Amino acid sequence: MQLRNSSSRYGWVSIVLHWGVALAVFGLFALGLWMVGLDYYSTWRKDAPDLHKSIGLTLLAIMLLRVLWRFVSPPPPAPANHGRLTRLGAKLGHGFLYLGLFAVMIAGYLISTADGVGIPVFGLFEVPALVSGLPDQADVAGVVHLYLAWVLVIFAGIHGLAALKHHFIDRDATLTRMLGRKA
């Protein structure tokens, strides 16, 4: 089992981080959409947001680890058949996904800490409210969180479609190496 990235494929650490983040993002998006529709009498009215926040903060820690891992084990270079624009598009697209993920998580943090109260994480510890009391903090951060979450999920879908295009139309190793297979 190859843990680190090589010149031809991703290692298992990168693969698990990639697919784990993808699963968490889509799961958080679905949970977020579901929980905002809960009424006052729902038994999940408090538990769903607490779960959403705990998973979101865990995802933030995983994303920080993922950024660090990119420095420790750089990704393999783009396949040889990728032109200059494809390489640039991939770099910009991945950069947008990373920045967007951090932005949506920071906005979620700002929503939750607007009243100066920390965020419990699975009941194990609490992340303190370092920023609170900004004008309309919860409302502004809530709008940013909602719309950016939609943009990220749509963009992640496009990212997935691009990987499928590379696999089925271009017949290159873009997708297979993120699945742990040799090019």
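Residues numbered from 1 in each chain as written. Predicted model: local features only at pLDDT ≥ 70, side-chain atom pairs only at ≥ 80, totals over all residues. Heavy atoms only, no water.

The name an unreviewed UniProt entry gives the protein is Cytochrome b561, with Pseudomonas saponiphila as the organism. Per UniProt, the comment on the protein under Subcellular location (unreviewed entry) is "Cell membrane". In UniProt, the protein has this text filed under Sequence similarities (unreviewed entry): "Belongs to the cytochrome b561 family." (UniProt positions renumbered as here; feature names shortened; annotations may be inferred.)

**With respect to the environment of Asp50**
Its location among the elements puts Asp50 in helix H2 (residues 47–72). According to the relative accessible area criterion, Asp50 is partly exposed, its value standing at 24%. Linking Asp50 and Asp139, residues 89 residues apart in sequence, is a C-alpha distance of 18 Å. (Helix = DSSP H or I, 4+ residues; strand = E, 2+ residues; numbered from the N terminus. Buried < 20%, exposed > 50% of the residue type's maximum accessible area, 1.4 Å probe, protein only.)

**Quick notes on the UniProt feature "transmembrane region" (unreviewed entry) in the protein**
Using the residue numbers shown here, the UniProt feature "transmembrane region" (unreviewed entry) corresponds to residues 12–35, 55–72, 92–111 and 144–164. Secondary structure within residues 55–72 divides into 100% helix and 0% strand; the distance between the first and last C-alpha atoms comes to 25 Å. Across residues 92–111, helical content stands at 100% and strand content at 0%; the span's end C-alpha atoms are separated by 28 Å.

**Some thoughts on the environment of Ile55**
In this structure, Ile55 sits in helix H2. For the pair formed by Ile55 and Ile119, sequence separation is 64 residues and the distance between their alpha carbons is 11 Å. The contacts of Ile55, once residues within four sequence positions are left out, are Leu28 and Phe122. (Contact = heavy atoms within 4.5 Å.)

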